[in-house]
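Next come the chains, spelled out residue by residue.
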Amino acid sequence: MDYEEAADYLKVLAHPTRLRLVAAVSKGERCVSNLQDLLELKQANVSQHLAILGRTGILTSRRKGMRTCYRLADERVLPILEMLEVDVMAGSCGMSEPLAEDN
């Protein structure tokens, strides 16, 4: 990765909502509705940020029935979260346990 690519990668992460989304999925797959509830944001806002993270290859998605679920695709982000002291175990959202699986 050259300097310009690295700067672009960091620019994508340089938004509080995207950092929270990455932290939330860093410990396992989550569906959009889970993320929406967890971050207390509207679905359109969450989806917009997830699309940016997906286009850059940080997250990947899969369809699960009518739902779209996201998981971490680029683990290079984990040391960045750790360096920033983002609470990855709590998903950076004040939770001590992961959300129940969406049905």
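For the structure itself, consult the block above.
Now for a look at the structure at hand. (Residues numbered from 1 in each chain as written. Predicted model: local features only at pLDDT ≥ 70, side-chain atom pairs only at ≥ 80, totals over all residues. Heavy atoms only, no water.)

1. Notes on the overall build of the chain
Cut-off, in case you're wondering: A helix here means a DSSP run of H or I that spans at least four residues, while a strand means a run of E at least two residues long, and both kinds are numbered starting from the N terminus. Summary of the burial criterion: residues with accessible area below 20% of their type's maximum are buried, those above 50% are exposed, and those between are partly exposed, where the area comes from a 1.4 Å probe applied to protein chains only. By the convention used here, residues are in contact when the closest approach between their heavy atoms is within 4.5 Å. Each accessible area is a Shrake-Rupley result for a 1.4 Å probe, and residues are judged covered by the shown protein chains and nothing else.
Across its full length, the chain holds 5 helices and 3 strands. Beginning at the N terminus, the succession of helices and strands in the chain can be written as α-α-β-α-α-β-β-α. Out of the 103 residues in the chain, the part that is buried amounts to 37%. Counting contacts in the chain only where the partners sit at least 6 residues apart, residues at least 24 apart contribute 62% of the total. Accessible surface for the chain amounts to roughly 6400 Å². Of this, 51% is attributable to carbon and sulfur atoms.

2. Focus: the nonpolar core
Put simply, the rule is: The set of buried Ala, Val, Leu, Ile, Met, Phe, Trp, Tyr and Cys residues whose side-chain atoms join them within 4.5 Å is what this entry labels a nonpolar core.
If you look at the biggest cluster of nonpolar residues, it comprises 23 residues, and the most contacted ones within it are Leu-13, Val-22, Leu-50, Leu-53, Ile-58 and Leu-59. Where this core is concerned, the elements lending two or more residues are helix 1 (3–13), helix 2 (16–25), helix 3 (32–39), helix 4 (43–55), strand 3 (67–72) and helix 5 (77–83). The greatest single-element share of this core, amounting to 5 residues, is contributed by helix 2. For Leu-50, the contacting residues outside a window of four places in its chain are Leu-21, Val-32, Leu-35, Leu-59 and Tyr-70.

3. Here we look at the sheet that holds strand 2 (residues 59–64)
The criterion, for reference: In this analysis, strands are considered paired if DSSP registers two or more bridges between them.
In space, the 3 strands of this open sheet follow the order 1-3-2, with antiparallel pairing throughout. On the outer flanks of this sheet lie strand 1 (30–31) and strand 2, each paired with one strand and no other. Here strand 1 runs beside strand 3; their pairing, made up of 2 bridges, is antiparallel. By the bridge assignment for strand 3, Cys-31 is matched with Cys-69.

4. Examining the state of the cysteines
Stated precisely, the cut-off is as follows: For the purposes of this analysis, a disulfide is any pair of cysteine sulfur atoms at a distance within 2.5 Å.
As enumerated under the stated definition, the model contains 1 disulfide in all. The disulfide partner of Cys-31 is Cys-69, and the gap between their sulfur atoms is 2.0 Å. An S-S torsion of about 50° defines the bridge between Cys-31 and Cys-69 as right-handed. Taken together, the positions of Cys-31 in strand 1 and Cys-69 in strand 3 put the pair 38 residues apart, joining distant regions of the chain. The residues Cys-31 and Cys-69 share a single accessibility class, namely buried.

5. Concerning the pairing of strand 3
With 6 bridges connecting them, strand 2 and strand 3 associate as antiparallel partners. By the bridge assignment, Ser-61 is partnered in strand 3 with Tyr-70. Adjacent in sequence and paired antiparallel, strand 2 and strand 3 are bridged by 2 residues, among which Gly-65 carries a positive phi angle near 70°.

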